[in-house]
Amino acid sequence: MLALKEENGLLWIRAGGRLGDEAYDRFVPQFEHIAEREAGTVPMVIELAPDFSGWDFGGLWRDLKFDIRHKDCFGRIAMIGDSKWEERGWKLSSSLFRAEMKFFRPSQRSHAESWVQTGEDAA
């Protein structure tokens, strides 16, 4: 499952289960529609559901192509997840993007939203 919604000027993306081609078939046109409307970059919060288990081969390939094709559309990106492997994977992938990226725990959801909007860390 790969779902998105717009709320409070942000793009919220929720990823769950194992992501494959079919998830991107639905997601990419929705994202591109939003990115075309935005003048500049799209700030987003990506929330990994507790059942998120990564990508199958087709999904991983589609994710990499999507990231490369849309790299200039991304504003600040906050990732919310609760496992160490998610955080480590996030740190590795963040070096591929120009966008500011930061990882948050589920208990820091409101902090993640605030950071994406302002770029400021809460005290």
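Residues numbered from 1 in each chain as written. Predicted model: local features only at pLDDT ≥ 70, side-chain atom pairs only at ≥ 80, totals over all residues. Heavy atoms only, no water.

Peer 1: Describe in detail the overall build of the protein chain, supporting the description with residues and values.
Peer 2: Each helix and strand counted, the protein chain has four helices and seven strands in total. In the protein chain, the succession of α and β elements from N to C terminus is β-β-β-α-β-β-α-β-α-β-α. Burial status across the protein chain gives 45% buried among its 123 residues. Taking the intrachain contacts of the protein chain between residues at least 6 apart in sequence as the baseline, contacts between residues at least 24 apart amount to 71%. Carbon and sulfur atoms make up 53% of the accessible area of the protein chain, which totals about 7,100 Å². (Helix = DSSP H or I, 4+ residues; strand = E, 2+ residues; numbered from the N terminus. Buried < 20%, exposed > 50% of the residue type's maximum accessible area, 1.4 Å probe, protein only. Contact = heavy atoms within 4.5 Å. Areas by Shrake-Rupley, 256 points an atom, 1.4 Å probe, with all protein chains shown as cover.)

Peer 1: Before we move on, could you go through the environment of A99 and cite the residues and values that matter?
Peer 2: As for its position among the elements, A99 is in the loop between α3 (84-94) and β7 (101-104). Take A99: its relative accessible area is 13%, and that puts it in the buried class. Measuring from C-alpha to C-alpha, the distance between A99 and F74 comes to 6.1 Å, with 25 residues separating the pair along the chain. Discounting residues that sit within four places of it in the chain, A99 has contacts with F74, G75 and I77.

Peer 1: Pulling in residues and values, what's your account of helix α4 (residues 109-118)?
Peer 2: One turn of the α-helix equals 3.6 residues, which is why residues spaced by three or four share an orientation. Every buried residue of α4 is listed here: H111, A112, E113, W115 and V116. Where α4 is buried, its residues contact β2 (10-15), β4 (42-48), β6 (74-80) and β7.

Peer 1: Explain a nonpolar patch on the surface residue by residue, including any values.
Peer 2: On the surface, a cluster of nonpolar side chains totalling about 460 Å² of accessible area is made up of F57, L60, W61 and L64. By relative accessible area, L60 is classed as partly exposed at 38%. (Patch = residues over 30% accessible without salt bridge, like charges linked within 9 Å, V, L, I, M, F, W, Y side chains within 5 Å. Salt bridge = Lys/Arg side-chain N within 4 Å of Asp/Glu carboxyl O.)

Peer 1: Mind laying out helix α1 (residues 21-37), listing which residues take part and the relevant values?
Peer 2: A rise of 1.5 Å per residue sets the reference length of α1, with its 17 residues, at 24 Å; its end C-alpha atoms lie 25 Å apart and thus fit the reference within 8%. Its maximal kink placed at F27, α1 deviates by approximately 30 degrees, while the proline P29 follows within four residues. Residues of α1 that are buried include every one of A23, Y24, F27, V28, F31, I34 and A35, and no others. (Expected span 1.5 Å × (residues − 1). Bend = angle between axes of the 7 residues up to and from the residue.)

Peer 1: How would you explain the pattern of salt bridges if you had to name every residue and give the values?
Peer 2: On inspection of all chains with the given rule, the structure shows six salt bridges. In this structure, the salt-bridge partner of R109 is E47, at a minimum N-O distance of 3.2 Å. Of this pair, R109 sits in helix α4 while E47 sits in strand β4, and the two are 62 residues apart along the sequence. For R109, a relative accessible area of 34% corresponds to the partly exposed category. Among the residues examined, E47 registers a relative accessible area of 15% and is labelled buried. Counted as one network, the salt bridges with shared partners bring together R14, E47 and R109.

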